[in-house]
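What follows is the residue order along each chain.
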Amino acid sequence: MNFLAHFFLSGDDPALMAGNFLADFISNREVNELPAEVQQGIVLHRQIDQYTDSHAAVRQSIQRLYPRHRKYAPVLVDVYYDYFLVHNWAVYTTEEFGAFRQKAYAALYQYLPSMSAVMQKRVQGMVEADWLRSYGQFEGLEYTFMRMKSRTSMPEHLEGAVETLKVFQEEMDEEFRWFFPEVLGFVQDVFPTYIKNP
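Now for a quick tour of the structure.

What counts, and at which threshold
- Residues numbered from 1 in each chain as written.
- Predicted model: local features only at pLDDT ≥ 70, side-chain atom pairs only at ≥ 80, totals over all residues.
- Heavy atoms only, no water.
- Helix = DSSP H or I, 4+ residues; strand = E, 2+ residues; numbered from the N terminus.
- Rg over C-alpha atoms; globule rule 2.2 N^0.38 Å.
- Contact = heavy atoms within 4.5 Å.
- Areas by Shrake-Rupley, 256 points an atom, 1.4 Å probe, with all protein chains shown as cover.
- Salt bridge = Lys/Arg side-chain N within 4 Å of Asp/Glu carboxyl O.
- Buried < 20%, exposed > 50% of the residue type's maximum accessible area, 1.4 Å probe, protein only.
- Phe/Tyr/Trp six-rings, centres within 6.5 Å; stacked < 30°, edge-to-face > 60°.
- Lys NZ or Arg CZ within 6 Å of the ring centre and 35° of its normal.
- Polar contact = N/O pair within 3.5 Å; in protein donor to acceptor, adjacent residues only side chain to side chain.
- Expected span 1.5 Å × (residues − 1).
- Axes fitted to C-alpha atoms, helices over the stretch in contact; angles between N-to-C directions.
- Parallel < 35°, antiparallel > 145°, perpendicular 65-115°, else oblique.
- Nonpolar A, V, L, I, M, F, W, Y, C, P; charged D, E, K, R; others polar.

Some points on the overall build of the protein
1) Next: Helices and strands together make up the secondary structure of the protein, namely 13 helices and 0 strands.
2) Next: Against the globule reference of 16 Å for 198 residues, the protein gives a C-alpha radius of gyration of 16 Å, in line with a compact fold.
3) Next: For the C-alpha atoms alone, the extent of the protein along its principal axes is close to 40 × 35 × 30 Å.
4) Next: Of the contacts formed within the protein by residues at least 6 apart in sequence, a portion of 70% connects residues at least 24 apart.
5) Next: Of the roughly 9,500 Å² of accessible surface on the protein, 52% is carried by carbon and sulfur atoms.

Re the pattern of salt bridges
1) Next: A full pass over the atoms with the stated rule returns 7 salt bridges.
2) Next: The salt bridge partner of aspartate 12 is lysine 103, with a shortest N-O separation of 2.5 Å. Of this pair, aspartate 12 sits in the loop between helix H1 (3–8) and helix H2 (14–22) while lysine 103 sits in helix H8 (residues 97–110), and the two are 91 residues apart along the sequence.
3) Next: For aspartate 12, a relative accessible area of 23% translates into the label partly exposed.
4) Next: With relative accessibility at 25%, the residue lysine 103 sits in the partly exposed group.
5) Next: The partner of glutamate 95 in a salt bridge is lysine 103, with the nearest N and O atoms 3.1 Å apart.
6) Next: Residue class for glutamate 95 comes out buried when judged on its relative accessible area of 18%.

Focus on the packing of aromatic side chains
1) Next: Throughout the structure, instances matching the rule amount to 21 aromatic pairs.
2) Next: Aromatic side chains phenylalanine 21 and phenylalanine 25 sit 5.4 Å apart centroid to centroid with 45 degrees between the ring planes, which places their arrangement in the tilted category.
3) Next: With a centroid separation of 6.2 Å and an interplanar angle of 85 degrees, the aromatic rings of tyrosine 92 and phenylalanine 176 are classed as edge-to-face. Here tyrosine 92 is found in helix H7 (residues 89–92), whereas its partner phenylalanine 176 is found in helix H13 (residues 169–190), with 84 residues between them in sequence. This pair shows no difference in class: tyrosine 92 is buried, exactly as phenylalanine 176 is.
4) Next: Between arginine 147 and the ring centre of tryptophan 131, over which it is positioned, the NZ or CZ distance is 4.0 Å.

Some thoughts on the side chain of arginine 101
1) Next: Mapped onto the elements of the fold, arginine 101 is located in helix H8.
2) Next: In terms of polar contacts, arginine 101 uses its side chain to reach the side chain of aspartate 130, at 3.1 Å.
3) Next: Each residue touching arginine 101, except ones within four places of it in the same chain, is listed here: Asp130, Leu132 and Arg133.

Digging into helix H4 (residues 36–54)
1) Next: Here H4 is 19 residues long and its end C-alpha atoms lie 28 Å apart, about the 27 Å a rise of 1.5 Å per residue gives.
2) Next: Among the residues of H4, those classed as buried are Val38, Gly41, Ile42, Leu44, His45, Ile48, Tyr51 and Thr52.
3) Next: Where H4 is buried, its residues touch H1, H2, helix H3 (28–31), helix H5 (56–69) and H13.

Quick look at the packing of helix H6 (residues 73–87) against H13
1) Next: Their axes nearest at 10 Å, the elements H6 and H13 cross at an angle of 85 degrees. Taken together, the axes of H6 and H13 lie roughly perpendicular to each other. Where H6 approaches H13, its residues Val77, Tyr80, Tyr81, Tyr83, Phe84 and Leu85 are matched on the opposing element by Gln169, Met172, Asp173, Glu175, Phe176, Phe179 and Phe180.
2) Next: Among the residues forming the contact of H6 with H13, the class breakdown is 10 nonpolar, 1 polar and 2 charged.

Next comes the structure, spelled out in structure tokens:
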């Protein structure tokens, strides 16, 4: 799961949203320095990742991408699933997508003082560029993958990532629609306090 899905799976809780975002960027030592309610978001993030990695639909999506994208196939699936969440948005909520994005960004700013200077800069860049909106557009995905290439050891395996999405869009949309209601159910089971307005 990428940023948008993790925000969505945090329900309407700003602390869970902040923790769910921070989980991939901080060490276990740094986790202990965060507010307790944000730490719960990190716990949720890790439980979601474990569930996602073992789900048959996700594994099927990864297998589809592996011949071309090798070890980056799981990373691409994470980003593609954000794309499909945008395009299936009305299936899962009546909340307007723009309003949701502003709520997610506001949650990050609420807990900005708890973050390192590096993370504060990352959050500000994310909000200014409206990353969550970009995940629903091919142009935005191109920019996302360009950023990824600059940080990876084998950027050639990210070449053609948007073209791959276009080729397998129908099949992977079906896999996403199989997976996402089930991960929602999982979150509601492991976090009984989860609340998501309809």
